[in-house]
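Structure assessment
If you want the building blocks of each chain, they are given just below.
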Amino acid sequence: MDLKDYKIGTLGSHSSLQILKGARDEGFRNIIICEKGRSQPYRSYRIADEIIEIDSFKDIVKLEQRLIDENVILVPHGSFFSAYTDLSALNASNALYFGNKKILPWEENREKQRDWLKKAGLKLPKIYKTPEEIDGPVIIKFFGAGGGKGFFLAKNPAEFYKKIKETENKRHIIQEYIVGAPIYVHYFYSPLSGELEVMSMDKRYETNVDSIGRISAKDQLDLNIESSYNIMGNIPVVIREKFLPDLFSMGERVIEVSQELEPGGLIGPFCLETIITPEMEIYVFEISARIVAGTNPYINGSPYADLRYDVPMSTGRRVALEIKEAIESNQLEKVLG
Ligand code: AMP
Ligand code: AMP
């Protein structure tokens, strides 16, 4: 089988534009699955070979046989969590899937994720086991990919109890709040070459924390404004060059440990979400084990990808390139899971 026998497909949201364009640029036909009434961008940008509309992403299971018959390789991104609300549904799918599904539980479960990152020797914010231990700024996070929705800050047990009541005691963790520069590092690991690449970096544009500085401290207090971390967009970042060697070795250790955790380990794109303190310490507070939307500013390539590639290499295109090389060298099973 060659390239013409496969299609690259994904869900219409999150980072799908670059996945579609990247597939085309590498010579694949592509296919986009949209929720009804939400396909206009894919038509307008003339980026999709086929558009399928379904009532809700959850109905993707009804398309399963078609995806299998047409050899569609699905490239997962953040919106897959709204299609497959639990991992068992995703595992039950027999459609071709780029990446290693065995790694997903290590990302989804916050305790397992922490074990993984700790084993890789990364510096993590402290976790408070009980609210009584809160002795400085903490951030309270809920489970599941909600894009920071509902997270809140506290600095002592009383404040924690007051605010958690308003959330009806949703499942959460209490994490040390690190004051520093947030930088999200986008990696790509190729199981074909065994090489790790740093593709790009971003910082987030979150409402309302990124606009609170426009209001004076006095007004913030008078208006009783609470910080929130709802993601709205992404802003490109390049890091001081002296940090790059550290970022490479952090990513390499994450890959090595992933291979100890599960056969095959992590495959393809992933992101380490870091905060760098004034003391130059790099804290990692989360890993995303797939393409992140922070790569969207780089559909046309990034300062880092441009160093290595002669063509504009987005992360979406890098995924398609890996699939292409796997097909051409008869190793497709190495990149699917
Ligand atoms: P969406 O299809 O935009 O709702 O994305 C699905 C999930 O991916 C969201 O719930 C967020 O957790 C995450 N996400 C979406 N867009 C971004 C972004 N620009 N940066 C970081 N995370 C995002
Ligand atoms: P998350 O959904 O885990 O990516 O977190 C959403 C946002 O909360 C991040 O983009 C940061 O702005 C902020 N944040 C998360 N964890 C921490 C932390 N430990 N210290 C400081 N800020 C954090």
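Residues numbered from 1 in each chain as written. Chains lettered and ligands numbered in written order. Predicted model: local features only at pLDDT ≥ 70, side-chain atom pairs only at ≥ 80, totals over all residues. Heavy atoms only, no water.

**Considering the packing of helix α1 (residues 16-25) against helix α12 (residues 315-328)**
One can describe the packing of α1 onto α12 by two numbers: an axis separation of 7 Å at closest approach and a directional angle of 45°. Relative to α12, α1 is oriented oblique. The hand of the α1/α12 crossing is right-handed. Where α1 approaches α12, its residues Gln-18, Ile-19, Gly-22, Ala-23 and Asp-25 are matched on the opposing element by Thr-315, Gly-316, Arg-317 and Ala-320. Taken together, the residues of the contact of α1 with α12 break down into three nonpolar, four polar and two charged. (Axes fitted to C-alpha atoms, helices over the stretch in contact; angles between N-to-C directions. Helix = DSSP H or I, 4+ residues; strand = E, 2+ residues; numbered from the N terminus. Parallel < 35°, antiparallel > 145°, perpendicular 65-115°, else oblique. Left-handed = near helix turned anticlockwise from the far one by under 90°. Contact = heavy atoms within 4.5 Å. Nonpolar A, V, L, I, M, F, W, Y, C, P; charged D, E, K, R; others polar.)

**Points about the environment of Lys-149**
Inspection of the secondary structure assignment puts Lys-149 in the loop between β7 (138-142) and β8 (152-154). Between the C-alpha atoms of Lys-149 and Glu-206, which are 57 residues apart in sequence, the distance is 9.9 Å. Excluding its chain neighbours within four sequence positions, the residues that come into contact with Lys-149 are Phe-142, Tyr-229 and Asn-230.

**Overview of helix α10 (residues 244-261)**
For α10, spanning 18 residues, the distance from its first C-alpha to its last is 26 Å, which sits close to the expected 26 Å at 1.5 Å a residue. For α10, the set of buried residues is Leu-244, Leu-247, Met-250, Gly-251, Val-254, Ile-255, Val-257, Ser-258 and Leu-261. (Expected span 1.5 Å × (residues − 1). Buried < 20%, exposed > 50% of the residue type's maximum accessible area, 1.4 Å probe, protein only.)

**Let's talk about the packing of aromatic side chains**
A complete count under the given rule lists seven aromatic pairs for this structure. Through a chain of ring-to-ring contacts, the aromatic side chains of Phe-142, Phe-151, Phe-152, Phe-160 and Tyr-161 assemble into a single cluster. Geometry around Tyr-97 places Lys-101 over its ring, the cationic atom sitting 5.0 Å from the centre. Over the aromatic face of Trp-106 sits the side chain of Lys-112, whose NZ or CZ is 4.5 Å from the ring centroid. (Phe/Tyr/Trp six-rings, centres within 6.5 Å; stacked < 30°, edge-to-face > 60°. Lys NZ or Arg CZ within 6 Å of the ring centre and 35° of its normal.)

**Concerning the site of ligand 2**
Close to ligand 2 lie 17 residues, the nearest being Lys-141, Ile-178, Tyr-184, Glu-206 and Glu-286. Within the backbone of Glu-176, one N or O atom sits 3.0 Å away from a nitrogen atom of ligand 2. With respect to ligand 2, the side chain of Glu-273 contributes an N or O atom lying 2.9 Å from an oxygen atom. Here ligand 2, which alone exposes 480 Å², has 95% of that area covered by the protein. (Near = heavy atom within 4 Å. Polar contact = N/O pair within 3.5 Å; in protein donor to acceptor, adjacent residues only side chain to side chain. Areas by Shrake-Rupley, 256 points an atom, 1.4 Å probe, with all protein chains shown as cover.)

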